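Below, each chain spelled out in residue letters.
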Amino acid sequence: MLTDYHLHLRTDALDASAAEHFTPANVARYREVAEQRGIDELGVSEHIYRFAQALEVWRHPFWVQYAHDDLDEYCAFVREQTDLRLGIEADFVFGAEERLANVLAQRDFDYVIGSVHFLREGAVDTEDYSVWHAARSPEEVWRRYFQAIGETARSGLFDVLAHPDLVKVWGSQRPRPEGDLRAYYELAMDGIAESGIAVELSTAGLRKRVGELYPAPAFLELALQAGAPVALSSDAHRPEDVGAGYAQALELLERLGVGELCVFEHRRRRLQPIAAARPGAAAGAGGERAEPRGDT
């Protein structure tokens, strides 16, 4: 079984409205591409910051700018008008764990994807509020980022750890630390091991400036050694990106000896074998290259 759980029904454009995109017709476009690419299980996981209820968790100016839609209307649409699994992508916000837990507990999600886009007030993957402008070194950013990834896992709030090395999204436009990057990856591993969280293998990085899968093979190897199962996703924000780049992802999973993927229902996880791909299942194209943020 192939899955794609990290999907968004709209781009990250501020004017991408729920009314325009949360429709059966739009879902049908995503489902059509999934069927062409042999993907059996689809879920949608909109960014929590697009919903007014997110402001109960955090009032960062970026969130305030976007938080206009109603979370319960989104949940009702997915449950009542689609066959998609119901998910949400929620940022880990240090110090707001209890507030986020309350928002999540009030809804019947199939899974919750945890991501790190901010290090305190600074953004990792957007020029607005960028953490990079004030950072003393790439080593500082990477250290803080992977410590936050470990805390995201350890929090117990999430079922899937999204794009776990998003910090590399800028490619050559932001310097990487020198030396073996596993020293930074290791900072996240205790949290991953303790929590049992699933680690996402995402093809979204192939469509970014970095041009790589999230996470790097070395990170995924360490996560597997820590006991983490794998959730496979494209992080598509357009129908044409559903399952994009899966050939490369499946090749990596085969090389690392991964033969099962996570499947979720009502916050319960099970593992399903990766079936032999049907024609088009791993259809290659990585998709159109996109700018950082926007669509992570």
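For the structure, check the block above.
Quick caveat, the model's predicted, so the values are computed rather than measured. Each chain has its residues counted from 1, running along the sequence as written. In keeping with the model being predicted, local features are shown solely for residues with a pLDDT of at least 70 and side-chain atom pairs are shown and tallied solely at 80 or more, while totals for entire chains, interfaces and linings include all residues. Note that water and hydrogens are dropped before the side-chain values are worked out from all heavy atoms of the structure.

Student: Kindly report on the packing of aromatic side chains, identifying the contributing residues and their values.
Tutor: Only the six-membered ring of Trp is used, alongside the rings of Phe and Tyr, when aromatic pairs are assigned; centres must lie within 6.5 Å, and planes under 30 degrees apart are stacked while those over 60 apart are edge-to-face, with the rest tilted. On inspection of all chains with the given rule, the structure shows 19 aromatic pairs. With a centroid separation of 6.2 Å and an interplanar angle of 75°, the aromatic rings of Trp 142 and Tyr 184 are classed as edge-to-face. Placement of Trp 142 in helix H6 (residues 138-154) and of Tyr 184 in helix H7 (residues 182-195) is noted, with a sequence separation of 42 residues between them. For the pair Phe 146 and Tyr 185, a centre-to-centre distance of 5.4 Å together with 70° between the ring planes defines the contact as edge-to-face. Of the two residues, Phe 146 sits in helix H6 while Tyr 185 sits in helix H7, which places them 39 residues apart along the sequence. Accessible area is worked out with a 1.4 Å probe on protein chains only. A residue is then buried under 20% of its type maximum, exposed over 50%, and partly exposed in between. The exposure class assigned to Tyr 185 is buried, which follows from its relative accessible area of 4%. By the ring-pair criterion, three or more aromatic residues cluster together here, those being Tyr 49, Trp 58, Phe 62, Trp 63, Tyr 66 and Phe 118. Secondary structure elements follow DSSP: runs of H or I of four or more residues count as helices, runs of E of two or more count as strands, with numbering from the N terminus.

Student: Tell me about the nonpolar core, and please be specific about residues and values.
Tutor: What tends to happen in soluble globular proteins is that the nonpolar side chains get buried as a cluster. Among buried residues, those of type Ala, Val, Leu, Ile, Met, Phe, Trp, Tyr and Cys that are joined through side-chain atoms within 4.5 Å constitute a nonpolar core. Counting 92 residues, the largest nonpolar core has Trp 63, Tyr 74 and Ile 192 as the members making the most contacts within it. Looking at which element gives the most residues to this core, the answer is H6, with seven residues. We call two residues contacting when some pair of their heavy atoms lies within 4.5 Å. For Trp 63, the contacting residues outside a window of four places in its chain are Ile 48, Tyr 49, Ala 54, Leu 55, Val 57, Trp 58, Asp 91, Val 93 and Phe 118. Within the second largest apolar cluster, 10 residues are counted, among which are Val 160, Ala 198, Val 263 and Phe 264.

Student: Summarise the sheet that holds strand E9 (residues 230-233); cite the residues concerned and give the values.
Tutor: A pair of strands is treated as paired once DSSP finds two or more bridges between them. If you trace the seven strands from one edge of the open sheet to the other, you get E1-E2-E3-E4-E7-E8-E9, paired in parallel fashion. Whereas interior strands pair on both sides, the edge strands pair on one side only; in this sheet they are strand E1 (3-4) and E9. Note: strand E3 (residues 85-91) against strand E4 (residues 111-115), five bridges, orientation parallel. Bridging across to E4, Ala 90 finds its partner in Gly 114.

Student: Please give an account of the environment of Ile 149 that cites residues and values.
Tutor: With respect to the helices and strands, the residue Ile 149 is situated in helix H6. The spatial distance from the C-alpha of Ile 149 to the C-alpha of Ala 162 is 9.3 Å, given a sequence separation of 13 residues. For Ile 149, the contacting residues outside a window of four places in its chain are Val 116, Leu 161, Pro 164 and Ala 188.

Student: Tell me about the environment of Asp 70, residues and numbers included.
Tutor: Locating Asp 70 in the fold gives a position in the loop between helix H3 (61-66) and helix H4 (71-81). A residue is classified by how much of its surface remains accessible, and Asp 70, at 30% relative accessible area, is partly exposed. On a C-alpha basis, the gap between Asp 70 and Phe 51 in space is 5.3 Å, while along the polypeptide they are 19 residues apart. Excluding anything up to four places from it in sequence, Asp 70 contacts Phe 51 and Gln 53. Within the structure, the side chain of Asp 70 is placed 3.2 Å from the side chain of Gln 53, a separation counted as a polar contact. N or O atoms closer than or at 3.5 Å make up a polar contact, with two conditions inside protein: a donor-capable atom paired with an acceptor-capable one, and, for residues adjacent in sequence, both atoms drawn from side chains. Of note is the side chain of Asp 70, whose polar atom sits 3.0 Å from the backbone nitrogen of Asp 72.

Student: Could you give an account of the pairing of E9, with specific residues and numbers?
Tutor: Covered by surrounding structure in E9 are Val 230 and Leu 232 together with Ala 231 and Ser 233, the residues of both alternating faces. As judged from the four bridges shared by strand E8 (residues 198-202) and E9, these two strands associate in the parallel manner. When the bridges of E9 are listed, Ser 202 appears paired with Ser 233. In this region the chain leaves E8, passes through helix H8 (residues 217-225) and returns to the parallel neighbour E9; the handedness of that crossover is right-handed. With strands facing away from the observer, any crossover in which the path from the first strand over the helix to the second runs clockwise is taken as right-handed.

Student: Mind laying out the packing of H7 against H8, listing which residues take part and the relevant values?
Tutor: Packed helices, taken two at a time, are described by the angle between their axes plus the distance between the axes. Where H7 meets H8, the closest approach of the two axes is 10 Å, and the angle between their N-to-C directions is 30°. The orientation of H7 relative to H8 falls into the category roughly parallel. Considering the relative orientation of H7 and H8, their crossing is right-handed. The residues of H8 that touch H7, namely those facing Arg 182, Tyr 185, Glu 186, Ala 188, Met 189 and Ile 192, are Ala 218, Phe 219, Leu 222 and Ala 223. Ten residue types, Ala, Val, Leu, Ile, Met, Phe, Trp, Tyr, Cys and Pro, are classed as nonpolar, four, Asp, Glu, Lys and Arg, as charged, and the remainder, Gly among them, as polar. Partitioning the contact of H7 with H8 into residue classes produces eight nonpolar, no polar and two charged. All axes are obtained by fitting lines to C-alpha atoms, using only the stretch in contact for helices, and the reported angles, taken between N-to-C directions, cover 0 to 180 degrees. Oblique is the label for any angle not under 35 degrees, not over 145, and not in the 65 to 115 range, which are roughly parallel, roughly antiparallel and roughly perpendicular in turn. Left-handed describes a crossing whose near helix is turned anticlockwise from the far helix through less than a right angle; right-handed describes the clockwise counterpart.

Honestly, that's just the spatial picture; any functional story needs more than this.
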